[in-house]
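As a plain string of letters, each chain reads:
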Amino acid sequence: MKSSFIPKFRCTATGDAMITRRLPIEGEYAGFSEVRDFIMQGDFRFGNLETTVHNFECYGAAQSGGSWLCAPPGVIDDVRKFGMNVVSTANNHALDYAYGGLERTIYYLNQAQMPFSGTGMNLADASRPVYLDTVSGRYALISCSMSFNPECMAGEQTASLPGRPGLNGIRVSRKYRLPKAEMADLKRLADMLNINIRTEIIRAEGYLPQLKPGEQPFGQLMFEEGDKAETAYFINPDDKKRIADAIAEARFMADYVIVSMHNHELYGKDKETVDPVSIEFTHHCIDSGADAVIGTGPHLLRPVEIYKGKPVFFCLGDFINQLETIFRAPDGMFAKQKLNGNDRLDVLFNNRSDNGKRGLCYDPIMFKAVIPYWEVENGELTKMVFMPVEEMFNEPRSRGGFPRKETGMGIIEHFAEMSKPYGVDISVDTNGFGVVKL
């Protein structure tokens, strides 16, 4: 029997929540309610939880996503106070505190009954969709990351061994192309420096695949002959298939399927330019059956595209930016700044930022973001509105980093201009919101 139910999907999404501090224990900070109320319009309300969550029961990993991020478990309640009801945990900070930190984060999220996707105790666990049942229908979220240290990717479980905890990784390889004359120069330099001697020996022993005609390694980089100098990007086919399979399963189980993609890939001379890999992958997700793709990662705004009638947000910017109010840091974070692990945190951060002259916490562009709200009815995108937010750049770090609606910073105007080449027409309404002409 055919159902008479015609769903109207309502969604809101926020960017990276690099949260390290709790919300005020009593009352609300100025601007909180306006942000929360906008987010609460959606039945599906997404955020990227870009931190580990524990009480420092774990040691820091040898490598991190940049900083070693950790927040007390209570921040999960604070994220929920903003309105979020589902989060992604697939990002480059997921294993800042090694496998123990990941496992504690999963434990505290489950304890708080916060639905999440993107990490797990093995690759199948990290890759599977999470479902959200609402009055407007059932939503599915699949989360993945293109930016991560190799050891952070979850491993397959086999008949003989358990899988490795980690994130749902999308591996991207690069091959550099040079004209014939430059390739000859590259080989000559490699031979002069003996830069390939170790891999040549290992390759001869059979532990690396043989080189294809026209290939020339140079240390960790692989070159091949081409008509011009360029960089070619290749998404791992196994990872593309795994995402497509997850989308197909979610398509069967849910009414509306969303993919979260975390990516720090750069292209061109600025961070705002969308890289070809993000375009290829987001289009692959939509072509595979996803209804929307939410991008996070670069810590600033990137354009929105409507591809085949489906929204693709290449990056929403940072929803919460609190990199310099972590409670502790492992020795490795100090060592990166040539400091002693027992030095104070103010010494660490002042040294890293050259006393406030560089870094993500001192560039106002990193404190500008948007929150989209969109509606879909009968399979058609019928409404899309953006709230411009800023994370209190001019406030002291003890109070700043939380979002509030911006006024007079031109966020929507800038966002509209960068989205024009993608065929999206955004105007500013009387309330300062960005409205997409559909």
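Right, let's walk through the structure included here. A quick note: this is a predicted structure, and the numbers were derived from the prediction, not measured.

**Brief notes about the sheet that holds strand 15 (residues 256-262)**
Taken together, the six strands give an open sheet; going across it, the order is 8-9-15-16-18-17, and neighbouring strands pair in mixed fashion. At either end of the open sheet lies a strand with only one pairing partner, and these are strand 8 (130-134) and strand 17 (301-307). The sheet shows a mean angle of 15 degrees between the axes of neighbouring strands, taken without regard to direction. Strand direction decides the pairing type here: strand 17 and strand 18 (residues 310-316), joined by six bridges, are antiparallel. Opposite Tyr-307, over in strand 18, you have Lys-310 as the bridge partner. Contacting strand 9 (137-145), strand 15, strand 16 (292-296), strand 17 and strand 18, helix 8 (residues 276-287) runs over the sheet at an angle of about 145 degrees to strand 18.

**Concerning empty space enclosed by the protein**
By the definition in use, this model includes two cavities of 30 Å³ or more. In this structure, the largest cavity occupies an estimated 50 Å³ of space. Looking at the largest cavity, the residues that line it are Glu-272, Leu-300, Leu-301, Ile-365, Lys-368, Ile-411 and His-414. Residue composition of the lining of the largest cavity, grouped by class: four nonpolar, one polar and two charged.

**Regarding the pattern of salt bridges**
Summed over all chains, the structure comprises 31 salt bridges. A salt bridge links Arg-104 to Glu-57; the shortest N-O distance between them is 3.4 Å. A residue pair is termed long-range when its members are at least 10 positions apart, and Arg-104 in helix 3 (residues 98-111) and Glu-57 in the loop between strand 3 (52-53) and strand 4 (70-71) qualify at 47 residues. On the accessibility criterion, Glu-57 (41% relative accessible area) is partly exposed. Notably, a salt bridge pairs Glu-224 with Arg-177, separated by 2.6 Å at the nearest N-O pair. Pair noted here: Glu-224 is in strand 13 (residues 221-225) and Arg-177 is in strand 11 (residues 172-178), with a separation of 47 residues, a long-range link.

**Focus on the packing of aromatic side chains**
Going through the model one piece at a time under the given rule, you end up with 18 aromatic pairs. Ring geometry for Phe-38 and Phe-433: centres 5.5 Å apart, planes at 20 degrees, overall stacked. Of this pair, Phe-38 sits in helix 1 (residues 32-39) while Phe-433 sits in the loop between strand 23 (426-428) and strand 24 (434-436), and the two are 395 residues apart along the sequence. Since its relative accessible area comes to 6%, Phe-38 is described here as buried. On the basis of relative accessible area, Phe-433 is assigned to the buried category, the value being 14%. Aromatic pair Phe-82 and Phe-319: ring centres 5.1 Å apart, planes at 75 degrees, arrangement edge-to-face. Of this pair, Phe-82 sits in the loop between helix 2 (75-81) and strand 5 (86-88) while Phe-319 sits in strand 19 (residues 318-321), and the two are 237 residues apart along the sequence. Each member of the pair, Phe-82 as well as Phe-319, carries the same accessibility label: buried. An aromatic cluster is present here, built from Tyr-29, Phe-32, Phe-82, Phe-319 and Phe-402 joined pairwise through their rings.

Here is what the cut-offs are and how they apply
Residues numbered from 1 in each chain as written. Predicted model: local features only at pLDDT ≥ 70, side-chain atom pairs only at ≥ 80, totals over all residues. Heavy atoms only, no water. Pairing = 2+ DSSP bridges. Helix = DSSP H or I, 4+ residues; strand = E, 2+ residues; numbered from the N terminus. Axes fitted to C-alpha atoms, helices over the stretch in contact; angles between N-to-C directions. Contact = heavy atoms within 4.5 Å. 1 Å grid on protein atoms, 1.4 Å probe; cavity = no way out; pocket = protein on both sides within 12 Å on 5 of 7 lines; lining within 4 Å. Points joined across faces, edges and corners; volume = space filled by probe spheres on them. Nonpolar A, V, L, I, M, F, W, Y, C, P; charged D, E, K, R; others polar. Salt bridge = Lys/Arg side-chain N within 4 Å of Asp/Glu carboxyl O. Buried < 20%, exposed > 50% of the residue type's maximum accessible area, 1.4 Å probe, protein only. Phe/Tyr/Trp six-rings, centres within 6.5 Å; stacked < 30°, edge-to-face > 60°.

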